[in-house]
Amino acid sequence: MKKFNFKNENNVFVILIFSLMFLIGILQVNDYGVSSDSNDQRHSGFIELNHIGQKILPSITKKLTAGKKYISYDDEGYKEKYSGQIFNITTGLIEIILKIKEDREKFLLRQYIYFITFFLCMIVFYKLCNQRFKNWKIALLGVIFLYLSPRIFAYSFSDPKDIPFMSLLVFSIFFGLKFFDNINIKNGIIFGFINGLVISGVRIFGLVSPMLIYPSIIFYLIITKKVKLEKILSIVYSIIVTILFTILFKPYLWDEPLENFLNVLTYLGKFGELWQVKNLFLGKIILPENLPWYYSLYWITITTPITYTALFLVGLFAFIKKFIKNTKIKFYEKEFYFDIIFLALIFGPLIGTMILKSGSFNSWRHLFFIYPYIIIFTLHGYRCLSKILIEKKNILKTQNLLIFLTIFYLIFWNIKNHPHQYAYFNFIAGKDVHKRFDVDYWGLSYAENLKYILKNDNRERIYVKNNSMNKMLLIVKSLDKKQAKRIIYNFKERNPDYIITNYYMETEKYKKFSDDFLNEKYFIFNEIIVDGNKINTVFKKIND
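A brief report on the enclosed structure follows. (Residues numbered from 1 in each chain as written. Predicted model: local features only at pLDDT ≥ 70, side-chain atom pairs only at ≥ 80, totals over all residues. Heavy atoms only, no water.)

Counting buried residues in strand 7 (residues 533-541) gives seven out of nine residues, a clear majority hidden from the surface. For strand 5 (residues 498-501) and strand 7, the ladder comprises four bridges, and the chain directions are antiparallel. Along strand 7, the bridge assignment pairs I500 with V538. Between the antiparallel neighbours strand 6 (residues 522-530) and strand 7 lie two residues, among them D531 with a positive phi of about 50 degrees. (Buried < 20%, exposed > 50% of the residue type's maximum accessible area, 1.4 Å probe, protein only. Helix = DSSP H or I, 4+ residues; strand = E, 2+ residues; numbered from the N terminus. Pairing = 2+ DSSP bridges.)

Further remarks concern empty space enclosed by the protein. All told, the structure shown has four cavities of 30 Å³ or more when counted by the stated rule. By volume, the largest cavity amounts to about 70 Å³. Lining the largest cavity are L280, H434, F437, D438, V439, D440, N502, Y503, Y504, M505, K534 and I535. In terms of residue class, the lining of the largest cavity is built from seven nonpolar, two polar and three charged. The calculated volume of the second largest cavity comes to roughly 40 Å³. Around the second largest cavity, the lining residues are S149, P150, R151, I152, T303, T304, P305, W364 and Y371. Per-element tally for the lining of the second largest cavity: the top contributor is helix 7 (residues 150-158), with three residues. Class assignment for the residues of the lining of the second largest cavity results in five nonpolar, three polar and one charged. (1 Å grid on protein atoms, 1.4 Å probe; cavity = no way out; pocket = protein on both sides within 12 Å on 5 of 7 lines; lining within 4 Å. Points joined across faces, edges and corners; volume = space filled by probe spheres on them. Nonpolar A, V, L, I, M, F, W, Y, C, P; charged D, E, K, R; others polar.)

A word on the packing of helix 8 (residues 162-181) against helix 16 (residues 334-355). At their nearest, the axes of helix 8 and helix 16 sit 11 Å apart, and the two run at 155 degrees to each other. The angle between the axes of helix 8 and helix 16 places the two elements in the roughly antiparallel class. The hand of the helix 8/helix 16 crossing is right-handed. Here L169, I173, L177, F180 and D181 of helix 8 lie close against helix 16, whose contacting residues are K334, Y337, F338, I341, F342 and L345. Here the contact of helix 8 with helix 16 is built from residues that sort into nine nonpolar, no polar and two charged. (Axes fitted to C-alpha atoms, helices over the stretch in contact; angles between N-to-C directions. Parallel < 35°, antiparallel > 145°, perpendicular 65-115°, else oblique. Left-handed = near helix turned anticlockwise from the far one by under 90°. Contact = heavy atoms within 4.5 Å.)

Right, let's get into the pairing of strand 6. Here strand 6 pairs with strand 7 via eight bridges, running antiparallel. Residue pairing across strands places F523 opposite K540, the latter belonging to strand 7.

Attention now moves to the pattern of salt bridges. Considering all chains together, one arrives at 16 salt bridges under this definition. Between K106 and D103 there is a salt bridge; the shortest N-O distance is 3.8 Å. Taken together, the residues span about one helical turn, with K106 and D103 both in helix 5 (residues 103-133) at a distance of three residues. K106 gets classed as buried once you look at its relative accessible area, which sits at 12%. Its salt-bridge partner being R132, residue D339 comes within 2.8 Å of it at the nearest N-O pair. (Salt bridge = Lys/Arg side-chain N within 4 Å of Asp/Glu carboxyl O.)

This part covers the sheet that holds strand 4 (residues 487-488). Overall, mixed pairing links the five strands, which are arranged 4-3-5-7-6 in an open sheet. The open sheet has two edge strands with one neighbour each: strand 4 and strand 6. Of the strands in this sheet, strand 3 (462-466), strand 4, strand 5, strand 6 and strand 7 are in contact with helix 20 (residues 446-456), which crosses strand 6 at around 135 degrees.

For residues besides glycine, phi is generally negative; the peptide bonds are generally trans as well. The omega torsion of the bond from H418 to P419 falls at 0 degrees, within 30 degrees of zero and hence cis. Structurally, the position occupied by P419 is in the loop between helix 18 (393-416) and helix 19 (433-436). For K134, which is not glycine, the phi dihedral falls at a positive 55 degrees. Structurally, the position occupied by K134 is in the loop between helix 5 and helix 6 (136-148).

Spelled out as structure tokens, the structure:
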């Protein structure tokens, strides 16, 4: 591997861009609300820590947990043991070491960890793109495309599972292809370690990386007649390390590794039956099992910048055309295998969700992990068009201008709609998006409107009720201790001073106050609007 030369102007420019990205992100962490999943994830972390402590340091664990009650690790109701808990365990441990007491600080810690993980992912993604295209400019463009993707950027602060999984899978793919490129024991061990971290640390779907890369390496060695004992041994060692760290990073596997691993797979197979959270899709509230086959594809299409999608299609078409033209030659090129792996990472899970649609979450967050590889084929499209247009300088300048305008527009849009980039839809989604699709299913918009109420109302006790599915108990965790104390949400004896809603699942079950009641006794105090779509509204009591 080449040493990084700080005297190289290109390297300095790359460092400056990354520094700017990090600075922008780290200064914005406090602007984002706490997701509705965060409290459960935090609690799971302490259940895991308690389980680990009882096995390794029982006496110390007993002292630390005195007066605290945790659900038994073997309890049938505790399903998170089947999932990866490395982030929850790590942040829980840091919380204990730093003796963090305030709720806001506890969740802020996690948001910093999520963003830093995403930032490290971008560094590795740059290296992955540079490895594939051998061009630092194209690699940097890929990073900028990823960073400026509004939904990905917003969720990099608040998503406890999907973005961390996407981030660590990029690590696994990069080190896997590095191992492919240079098959030795060192690279194999690193790849195996990262595999274990992804598979057991975050999601078992991380199996997709070794399941694609190991067979690809073996097939390539056979086709090119480069099979050697030391290379086979390196692959075997890497697989062994993958298995060992898969067990190590998941406490559930410590006692009965094989049996419990099969239990995880069984649970995964039944997950579609267990996951019964409804989705608002094209104006209808639908159970996951009744979603149309094109659900995830439709979501990807309406929430990805149009330029990205157009370039992706060009890149995909160019790849297929080259493959058909030079089928035999391609099987001797490592880059071909890399691209096949990227395509499998995109279309394998996508087709899987079309068939097993009952496992689909809100929007397409369950498929966020395929997004970096969509970006890679977007870069394929950009490079393909650049090669075609290189002799037609005016048209090439037009393409580059289009890329520049896309980047400029996304920067402008992200700044204008900060911190609600998660509500991004392109023009294909149409109008009245909040009436047709789930927008703020995690309740991230509440933080801004609650702070608005607190800023404009001097009373020590402010009575607030929520009018959607999200729970106020979780919503107030976006506020610091002093602010949260002023918000009273657990009461029955009076009408609230304010009614707040993010329009998520406003069905009879969750909508406590009718539109007629609101129109008669309340007025709109503040609204958060993104591209003409309401994502959060505060109603204030009339004559208050």
